[in-house]
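Structural overview for review
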Protein chains: 2
Amino acid sequence: MKRAAELELALAPRAEGVTLQRWLCGELRAAILAGRLAPGCRLPSTRDFARQQAISRGTVVAVYDQLIAEGYLSGATGSGTTVAAALPIAAAGTAQPRTSAAPGIARAAAADTAGTDDAATKRPRLSRQGQLLANSPFLSREGMVLGRPFSPNQPDLGAFPHALWQRLTHQQGRGLRPDDMGYGDGAGHQPLRRAIAEHLRYSQRIDCHAGQVMILSSAQQALDLCARLLLDPGDTALVEDPGYPGAARLFELGGARVQGVPVDRLGLCTDALPTAEEARLAYVTAAHQSPLGGTLPLERRLALLAWAEAGRRIIIEDDYDGEYRFDGAPLPALKSLDRHDRVIYLGTFSKLLFPALRLAYAVVPEWLAEPFASAISLTVRHAPILPQAVLAAFIGEGHFARHLRQMRRLYGERAACFQHECATQLDGLLTVLPITTGLDATALLPRGSDDRAVAAALGAWGVEARPISFYGMGQPAPPGLVMGFSACNEAAIRRGVATMAPVLESFNAAAAGNRGQAVAGV
Amino acid sequence: MKRAAELELALAPRAEGVTLQRWLCGELRAAILAGRLAPGCRLPSTRDFARQQAISRGTVVAVYDQLIAEGYLSGATGSGTTVAAALPIAAAGTAQPRTSAAPGIARAAAADTAGTDDAATKRPRLSRQGQLLANSPFLSREGMVLGRPFSPNQPDLGAFPHALWQRLTHQQGRGLRPDDMGYGDGAGHQPLRRAIAEHLRYSQRIDCHAGQVMILSSAQQALDLCARLLLDPGDTALVEDPGYPGAARLFELGGARVQGVPVDRLGLCTDALPTAEEARLAYVTAAHQSPLGGTLPLERRLALLAWAEAGRRIIIEDDYDGEYRFDGAPLPALKSLDRHDRVIYLGTFSKLLFPALRLAYAVVPEWLAEPFASAISLTVRHAPILPQAVLAAFIGEGHFARHLRQMRRLYGERAACFQHECATQLDGLLTVLPITTGLDATALLPRGSDDRAVAAALGAWGVEARPISFYGMGQPAPPGLVMGFSACNEAAIRRGVATMAPVLESFNAAAAGNRGQAVAGV
């Protein structure tokens, strides 16, 4: 049997803070995995090895024992200790030796030197769905910098009652019994489901009970489950165009075809709804169309429901910020008119409380409640207990309704301020559509503007705006900007709007120049 | 123009606690939606209506205004108030009237009377994937009652340091700035990712950095994303058989074929791994095979890695409770041997801390980190901030390592107790395999036993056990039971085992009787 030579046992120096035993184990493992110590090769006796390395024999015995337990070495009385014969390891040189330097860096460097044909082409591939998942619209955020005016979809986190929330967190955390800390119901914490059903019966006139309320970590997750539960490859999912890209992306994942339906200033054009049998599902932001801002009128709501009824179809009503209605009580939800149980109503606390809470809900038809709860339990099990318990108390004790009232007033004032400042400072450059609902304003640019270029230029001056073309899916849409006013106090609004004026003017001047040139050229 | 008759305006009595205005709005809406008040129909003047109903004229004016705003009514000066003409509503009787009784009950009753051809056949259908999602193995829990001996997968929640966790929750909650409460990074809270990477470098010898650590709400969610990112329809996913059904179900969702690979007492039989090109991914519980309990030996780990390398394949290593190793240090993870970045390592805090925390992680190859973070951001956005911050502090301050040490000792004692009690009280009836790792023991029943029947009989006597056949996917597996010892103190273990004795004896006697009969029959 081959004996380990001195060279094969050459050990890298011991790093600071690593115990002798850990170091020696690591070095021997590395030598075996790299093939320097071949399967079957015999190791020195513990006495000889201890003498060679000038360490205690006890340490060597412990190391050998550990590596025997791990399967690297075999120890048989009489024949000494050998490298395990059964290990499927190639001879030295063919396997890439592992360095003991800082791991991430070492590996990255190794991958670099290996070149693309080794690293990239031998690498496992993403699935078709994986390639879509790898392109989330939320990663790049279109270069959006949060905390600057006028990032869309941002509640004012400074206006949130932190101290109260803290107190409830403390109370509820203390109140949890060991039983509450085990696996829970896929559909969510029962007190929270009841509190949400109660709130919706009152605020949205939705006739629902706790059994229909599914607790999720985000509306995005709810949409994903809706798509998976309801869409087969080849089905068509209808979305508003322009509309929320986060929904369209999810509908595509499972192989459904996504088709845009035109939107005007009132919302989805229900006359344009296709009646083909494949059209299985429509996604609609009825309370506050994203991005054009309309509130779907009653006759279109009824037409949409009739369309669903005519073809065994489903409507997903995404009410992401409709609770902020500035000109009177919120219109009752589409779901409140749903006499045939075809509407899934989605709500989120990201915009009503704070995004990092990660709680949202779906109110689903009776017939979908069990499949939906099952789908949650299979794909995530359920939402965490403490945030659910705190939120249930926050709603149940009346803090939620009060917070909504306060924010509705605050954001209403800011909406008016934003509207006024734009009207006076940006006259002729930008037309802010009437702001009736939500956290964001929709503003139209002069016809022919390149809204992406305008948004990029504004970004360079510290003002965030999302171009309407970001939401486009093929249908013509007016150039414009979606701008969040709700997280900015009035001084910030004035400053932000003032910053915009010269930027928009320069675009306007350039456009006028182009028009002039075009005329001269004729 | 038609005028509303008295009959059409007949209103249901006002329920207690409902304001006059809310009641009247609701009744008029219901009459319009039910078609009793047809589009175009003219309403009484506010003065007449107020007199008819004996209410103040101001209330009627407010109600008409509200319904005009909502689109139910049209009001034109001179011509009075009419039901909006454009509403797409059928004549009375064809639409189902909405009752104002307790909503859920009323609707369920309506569906019942409508009969199956109306309710069920006109209902939208679930997708193919939806039908699989509707059958989660976690919903029925096979009739499992938690909190009884010997429910599997249960940490001892009474032994969790609640007060300490509460204190950290309070501290971390107070430390959150408004910025932390907005939308976060899809891959997770950076301090938690760093803390986990650090822990794994030490405890599992996994060379990873924070950028590879993805924070999720559960291992189940991680598995779901792995399947979606990596499997196309027609691909084959390999699972252990018997093995964890929660993984197999997820792999099936997207249309992949799931193929079982046999398992022996050491774990996955790597000799039996198929080498077809479609075999894209293998799922393995290397540290503690679920349900047979083996720890995959080094040579099989290396063989599995070589298999992955040979075909651009992926290995998912689900280490759900391997940190509880009772006979020495945990074996280093498969991921620690992964020199070609093919292993996704999954860990969960459900078994190490408590399930309702809902935090888990995946350590992914470098090349998969960005796609994985993108997939999280598209399907859920990210995990909630507060639990992540608390857990980061819990790990960073050394509490996690201490808790693991304490639980390892506690569960080790309970494992020994369970093993001893079974050996003395259930000799010949049940053979508990050596317990080296985890929260659950694997026990074999006499050959030919019906383990589902035994588990059901034990359940009737208050003892939970999951039959090994629950985990079966077609390969032959020995009859046996998976039993959790870790949440039971020693008295409960003794009582539970004592309860089992007569139940198992009666099965044994019946089996002996059958054998006797069979012999007599020959």
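Residues numbered from 1 in each chain as written. Chains lettered and ligands numbered in written order. Predicted model: local features only at pLDDT ≥ 70, side-chain atom pairs only at ≥ 80, totals over all residues. Heavy atoms only, no water.

The name that an unreviewed UniProt entry assigns to chain A is GntR family transcriptional regulator, with the source organism given as Azospira oryzae. Check the Sequence similarities (unreviewed entry) section of the UniProt entry for chain A; it says "In the C-terminal section; belongs to the class-I pyridoxal-phosphate-dependent aminotransferase family." (UniProt positions renumbered as here; feature names shortened; annotations may be inferred.)

A word on the interface of chain A and chain B. The interface of chain A with chain B comprises 122 residues on the first partner and 121 residues on the second. When chain A packs against chain B, close to 10600 Å² is buried across both sides, 57% of that on carbon and sulfur atoms. Broken down residue by residue, the surface that chain A buries against chain B is led by Y183, R339 and L378 of chain A, which jointly contribute 8%. One can count eight salt bridges joining chain A with chain B. Connecting chain A to chain B are 53 residue pairs in polar contact (both at pLDDT 80 or more). Counted by class, the side of chain A that touches chain B contains 55 nonpolar, 33 polar and 34 charged residues. (Contact = heavy atoms within 4.5 Å. Buried area = accessible area lost by both parts, 1.4 Å probe. Salt bridge = Lys/Arg side-chain N within 4 Å of Asp/Glu carboxyl O. Polar contact = N/O pair within 3.5 Å; in protein donor to acceptor, adjacent residues only side chain to side chain. Nonpolar A, V, L, I, M, F, W, Y, C, P; charged D, E, K, R; others polar.)

We now examine the packing of helix α9 (residues 219-230) of chain B against helix α12 (residues 366-379) of chain B. All names here are of chain B. Where α9 contacts α12, the two axes come as close as 11 Å, and the packing angle between them is 110°. Here α12 runs roughly perpendicular to α9, going by the angle between their axes. When you trace α9 past α12, the crossing you get is right-handed. Residues A222, L225, C226, R228, L229 and L230 of α9 touch α12, and the partners they reach there are W367, L368, P371, F372, A375, I376 and T379. Grouping the constituent residues of the contact of α9 with α12 by class yields eleven nonpolar, one polar and one charged. (Axes fitted to C-alpha atoms, helices over the stretch in contact; angles between N-to-C directions. Helix = DSSP H or I, 4+ residues; strand = E, 2+ residues; numbered from the N terminus. Parallel < 35°, antiparallel > 145°, perpendicular 65-115°, else oblique. Left-handed = near helix turned anticlockwise from the far one by under 90°.)

Overlaying chain A on chain B yields an RMSD of 0.1 Å, the required transformation being a rotation through 180° with an accompanying axial translation of 0.0 Å. Read as a symmetry element, the transformation amounts to a two-fold axis. The rotation axis passes nearest to the C-alpha of H170 of chain A in chain A, at a distance of 3.3 Å. A high fraction, 99%, of the interface residues of chain A reappear at the interface in chain B, so the copies pair face to face through one surface. (Least-squares fit on C-alpha atoms with pLDDT ≥ 70 in both.)

Next up on the list: the side chain of R280 of chain A. Mapped onto the elements of the fold, R280 of chain A is located in strand β7 (residues 279-284). Among residues more than four places away in sequence, those in contact with R280 of chain A are L230, L231, D235, T236, R312, R313 and I314 of chain A together with P124 and R125 of chain B.

The next subject is the nonpolar core. Across soluble globular proteins, nonpolar side chains show a tendency to be buried alongside one another. With 143 residues, the main nonpolar core has F349, L353 and F418 of chain A together with F349, L353 and F418 of chain B as its most contacted residues. The residues contacting L353 of chain B, other than those within four sequence positions of it, are P155, L157, F160, W165, L391, F394, F400 and H403 of chain B. Ranked by size, the runner-up nonpolar core spans 79 residues in total, among them A237 and L253 of chain A together with A369 and L378 of chain B. (Core = buried A, V, L, I, M, F, W, Y, C linked by side-chain atoms within 4.5 Å. Buried < 20%, exposed > 50% of the residue type's maximum accessible area, 1.4 Å probe, protein only.)

Let's shift gears to the pattern of salt bridges. Summed over all chains, the structure comprises 36 salt bridges over all chains. Among the salt bridges present, the one from R205 of chain B reaches E70 of chain A, with a minimum N-O distance of 3.1 Å. Placement of the pair is R205 of chain B in the loop between α8 (190-203) and β3 (213-216) and E70 of chain A in helix α3 (residues 57-70), with the two residues belonging to separate chains. Linking R125 of chain B and D235 of chain A is a salt bridge whose minimum nitrogen-to-oxygen distance equals 3.7 Å. Of this pair, R125 of chain B sits in the loop between α4 (103-119) and α5 (128-133) while D235 of chain A sits in the loop between α9 (219-230) and β4 (236-241), each in a different chain. Assessed through its relative accessible area of 36%, R125 of chain B is described here as partly exposed.

Here we come to the sheet that holds strand β8 (residues 314-319) of chain A. Residue and element names in this part refer to chain A. Judged by pairing direction, the sheet is mixed, and its eight strands sit side by side in the order β3-β10-β9-β8-β7-β4-β5-β6 without closing on themselves. Looking along the sheet, the strands with just one partner apiece sit at the ends: β3 (213-216) and β6 (267-268). Pairing geometry for β4 and strand β5 (residues 257-264), over six bridges, is parallel. Paired with V239 across the strands is G260, a residue of β5. Against the sheet, helix α11 (residues 298-310) touches β4, β5, β6, β7, β8 and β9 (343-348), its axis set at about 145° to β8. (Pairing = 2+ DSSP bridges.)

All names here are of chain A. Evaluation of the coordinates by the stated rule reveals 32 aromatic pairs over all chains. When the centroid spacing of 6.4 Å and the interplanar angle of 35° are considered together, the rings of Y345 and Y361 count as tilted. Remark: Y361 occurs in strand β10 (residues 360-363) and Y345 occurs in strand β9; sequence separation between them is 16 residues. Members of the aromatic cluster, joined through ring pairs, are F150, F326, F418 and F485. A cation sits over an aromatic face here: R381 above Y183, 4.2 Å from the ring centre. (Phe/Tyr/Trp six-rings, centres within 6.5 Å; stacked < 30°, edge-to-face > 60°. Lys NZ or Arg CZ within 6 Å of the ring centre and 35° of its normal.)

For the rest of this paragraph, the subject is the pairing of strand β12 (residues 440-444) of chain B. All names here are of chain B. Most of β12 sits out of view: five of its five residues are buried. Both faces of β12 are covered, namely the face carrying D440, T442 and L444 and the face carrying A441 and A443. Two strands pair when backbone bridges link them, and strand β11 (residues 431-432) and β12 are joined in this way by two bridges, in the antiparallel orientation. Counterpart to V432 in the pairing with β12 is A443. Note: β12 against strand β14 (residues 480-484), five bridges, orientation antiparallel. Within β14, the residue paired with L444 across the bridge is G480.

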